[in-house]
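Listed below are the residues making up each chain.
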Amino acid sequence: MRQFLNQLFKVFLSLFYLSIFFNTNAQTYHPNAIKKIIEGASPDSIGVHQLNNLSEILADKDAEQSLQLAKKALELAETLQLKRHKGIALNHICIAYYRKGDFTNAFTFGIKALRWNESISYPPQIALAYKNIGAVYHSQFNYKLAIEFLKKALDIQTKLHNKKEVGRALNNIASSALDNRDTSLAKAYILSSLAHNKALKDYYQLALAYRTAGDIADHMRQIDSAEFFYKSALLMAQKANSDFMKEASLYRLAKLCYNRKAFTMSIRYSNEALVFSKKLGAKSETAEIYKLESLALEGIGDYKKALFAHKEFSNLYSLMHQEKKIKQLAEMEAEFGLELKQEQINNLEIEKAGRVVQQNRYTVLIFCLAMMMIAVLIMLFIIWRKDKSKQAINTELNEQKKSLEEILVLKDKIFSIISHDLRGPIASLSAVLPMLEPESLDYDSYAALKNNLSKQVKSLNLTLENLLIWARTQMKGKTLPNKKPLMLGELVDRNMDILLSMADQKQIQLTNSIPENCIVFADMHQLDIIIRNLLLNAVKFTNKGGFVIAKSIENNETIVLTITDNGIGMSEIQVSQLFQLKTHFTTQGTRNEKGIGLGLLVCAEYANDNNCILKVESEQGEGTIISLILPKA
């Protein structure tokens, strides 16, 4: 009898709190009502059930109040080991965070709810968890995964014959399909949703369905139909007494009016929507409404109010951006494996809290000090994380700065080369060309001048070729070489023929001692350029009457091509600077031949591409030996 009276007293107490909490239209509540309900909740299944129910009722009216109720329900459920009530509370926390626009926490508790309800085999709440996770994925623009989770929820609700949730799932899939640009799938599901929810006379789900139908019509540019559906959604939201759906419908009507340049109506709808978004604590939606309102105010020329609305949008956007930097949804997905361990820690903390209630003041003080230490450690950890993130950003910026500086140095080097080494020969050619008049020159002078010009053009062409090839490899990235077996002796012969006239002028003997069966594995075009540049340098820096000899040495896996001359040679410092961009230099030949010093840079680039090794041995006044180690075919 006493137990019955206790239960009856708890029921009357709950009704009393409900009467305090809601007025006749279930929209307003007393400021201290939530606090009283949480403090007065009975520590049993009835109290947990009442907290969960109130949290569900407030989900689309006041997300923050709904969250507090759900958290208290979770705390009691874990203390009392009420498994199903715990699964319900986890889902309600997920929904509350979602309504607040805190998608990271929404996703975290959605996964916790799914895994907990799967562990206790509770299908209704498993389906709800699937639906909530799908909604979060939708908010993060991952519509493919959103549809996948929502379809799982629909399958379970269909098997459970839960008609109300079936209607909800149909509408959610339609909305995600529309955002995924699958209009045909969206239309199919929204028609099913409208028919299903009309039969149930579920005003809230009808509001959702009409809203999605309006989105589809708006996407298809059927403006009149979209307006009809949005107004129908607003009417259903009023019947369902849903602040969330009122805000969503009003925002869409405001946007529709703005697109029609009906700015005054757009402002009116925006102001009404703001009332509900602020009440729900939905920062993302509030920011979007302020942004739309600022544009509409600009449309009517009220720039002062437009500036205020834009500032409100900027403040909210900045706040959400900072929160997003601190908590990334992708980081939460990587930490799923730690959830069971965290759940065990939470259970231990709850047990510890229960023991603290029965301990003396000294124990309470120790516990408080411990909590303070934990809080300090957490704060230090957060500060450490921020510093680490800042250091990573600074490192990346420094690397980008270094890369940019290298690009600028490269650019200056190329323009310097073009300015100093190409302008002179071209100017010389421009001055000499008008002299090529057969009437003013005898035949021998004409032939000599023509032959000299031909050599200058060939030299200039080779210079341009080296410059352009090298600049392209530096600024546009390298292309993969087309390697194949090549006759090394033929390549050397061909390039010696090109340089024969230049060698004859200096009475330099060119000798090719490479056997016919010497076959290497390389890119023909790149190897041809390497050999030509090495032979050109040898001729350029060899005195009159000298020699240039090409030989090969065959090993097990490589062939070493050596080009030897008895020219002027180089110092050790010059040899060390040959293949470096920053120490790039050019030297005139023995007959004042000009060059740009890029030949060996091109050789180094192409040798590296073909897995070759370039070695230089030189001594001033004694000549130079350049060795190219090539893979054998």
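In this text the structure is predicted, and so the values were computed from the model without any measurement.

## Re the confidence of the model for the protein chain
Here's step 1: Across the protein chain, the average pLDDT comes to 79, with 76% of residues at 70 or higher.
Here's step 2: For the stretch residues 4-28, pLDDT sits under 50, and the model shows 31 contacts to residues farther than four places along the chain or on other chains.
Here's step 3: A low-confidence stretch, residues 334-345 stays under pLDDT 50, and its non-local contacts, those more than four residues away or across chains, total 9 contacts.

## Description of the packing of aromatic side chains
Here's step 1: Tallied over the entire structure, the rule returns 10 aromatic pairs.
Here's step 2: Plain terms: the ring middles of Phe107 and Tyr137 are 5.3 Å apart, the flat faces sit at 80 degrees to each other, and that makes the pair edge-to-face. Separated by 30 residues along the polypeptide, Phe107 in helix α6 (residues 103-119) and Tyr137 in helix α7 (residues 123-139) bring together distant segments of the chain. For the pair Phe107 and Tyr137, a shared accessibility class is recorded, and that class is buried.
Here's step 3: Ring pairs connect the aromatic residues Phe107, Tyr130, Tyr137 and Phe149, which therefore count as one cluster.
Here's step 4: Note that Arg84 overlies the ring of Tyr122, its terminal NZ or CZ placed 4.3 Å from the centroid.
Here's step 5: It is Arg268 that lies over the ring of Tyr269; its NZ or CZ is 5.7 Å from the centre.

## A word on the packing of helix α14 (residues 263-280) against helix α15 (residues 283-299)
Here's step 1: Running from N to C, α14 and α15 point in directions that differ by 160 degrees, and their axes come no closer than 9 Å. Relative to α15, the element α14 is oriented roughly antiparallel. Crossing of α14 over α15 shows left-handed handedness. On α15, the residues touching Phe263, Ser266, Ile267, Ser270, Asn271, Ala273, Leu274, Ser277 and Lys278 of α14 are Glu285, Thr286, Ile289, Tyr290, Leu292, Glu293, Ala296, Leu297 and Gly299.
Here's step 2: Taken together, the residues that form the contact of α14 with α15 break down as 9 nonpolar, 6 polar and 3 charged.

## With respect to the environment of Thr558
Here's step 1: Position of Thr558 among the secondary structure elements: in strand β5 (residues 558-565).
Here's step 2: Taking the C-alpha atoms as reference points, Thr558 and Ala633, 75 residues apart in sequence, are found 8.5 Å from one another.
Here's step 3: Discounting residues that sit within four places of it in the chain, Thr558 has contacts with Ile553, Ile629, Leu630 and Lys632.

## Focus: the sheet that holds β5
Here's step 1: One open sheet holds the 5 strands; their spatial order is β2-β4-β5-β7-β6, and the pairing between them is mixed. The outermost strands of the open sheet, each flanked by one partner alone, are β2 (509-512) and β6 (613-619). Ignoring strand direction, the axes of neighbouring strands in this sheet form an average angle of 15 degrees.
Here's step 2: Relative to β2, helix α21 (residues 488-498) is tilted by about 165 degrees, and along the sheet it contacts β2, β4 (547-554), β5 and β7 (623-631).
Here's step 3: In this fold helix α23 (residues 524-540) packs onto β2, β4, β5, β6 and β7, with an angle of close to 25 degrees to the strand it touches most, β5.

## Quick word on the side chain of Asp565
Here's step 1: Locating Asp565 in the fold gives a position in strand β5.
Here's step 2: Once residues within four sequence positions are removed from consideration, Asp565 is found in contact with Ala538, Thr542, Phe547, Val548, Glu622, Gly623 and Thr624.

## Digging into the pattern of salt bridges
Close approach of charged atoms allows side chains with opposite charge to pair.
Here's step 1: Taken as a whole and assessed by the stated rule, the structure comprises 12 salt bridges.
Here's step 2: A salt bridge links Asp528 to Arg494; the shortest N-O distance between them is 3.4 Å. Residue Asp528 is found in helix α23, and its partner Arg494 is found in helix α21; the two are separated by 34 residues along the sequence.
Here's step 3: Taking relative accessible area as the criterion, Arg494 reaches 41% and is therefore assigned partly exposed.
Here's step 4: Salt-bridge contacts for Arg532 lead to Asp528; the nearest nitrogen and oxygen are separated by 2.7 Å. Remark: Asp528 and Arg532 occur in helix α23; sequence separation between them is 4 residues, near one turn of the helix. Of the two residues, Arg532 and Asp528, neither departs from the other in class, the shared state being buried.

Rules and cut-offs
- Residues numbered from 1 in each chain as written.
- Predicted model: local features only at pLDDT ≥ 70, side-chain atom pairs only at ≥ 80, totals over all residues.
- Heavy atoms only, no water.
- pLDDT = per-residue confidence, 0-100.
- Contact = heavy atoms within 4.5 Å.
- Phe/Tyr/Trp six-rings, centres within 6.5 Å; stacked < 30°, edge-to-face > 60°.
- Helix = DSSP H or I, 4+ residues; strand = E, 2+ residues; numbered from the N terminus.
- Buried < 20%, exposed > 50% of the residue type's maximum accessible area, 1.4 Å probe, protein only.
- Lys NZ or Arg CZ within 6 Å of the ring centre and 35° of its normal.
- Axes fitted to C-alpha atoms, helices over the stretch in contact; angles between N-to-C directions.
- Parallel < 35°, antiparallel > 145°, perpendicular 65-115°, else oblique.
- Left-handed = near helix turned anticlockwise from the far one by under 90°.
- Nonpolar A, V, L, I, M, F, W, Y, C, P; charged D, E, K, R; others polar.
- Pairing = 2+ DSSP bridges.
- Salt bridge = Lys/Arg side-chain N within 4 Å of Asp/Glu carboxyl O.

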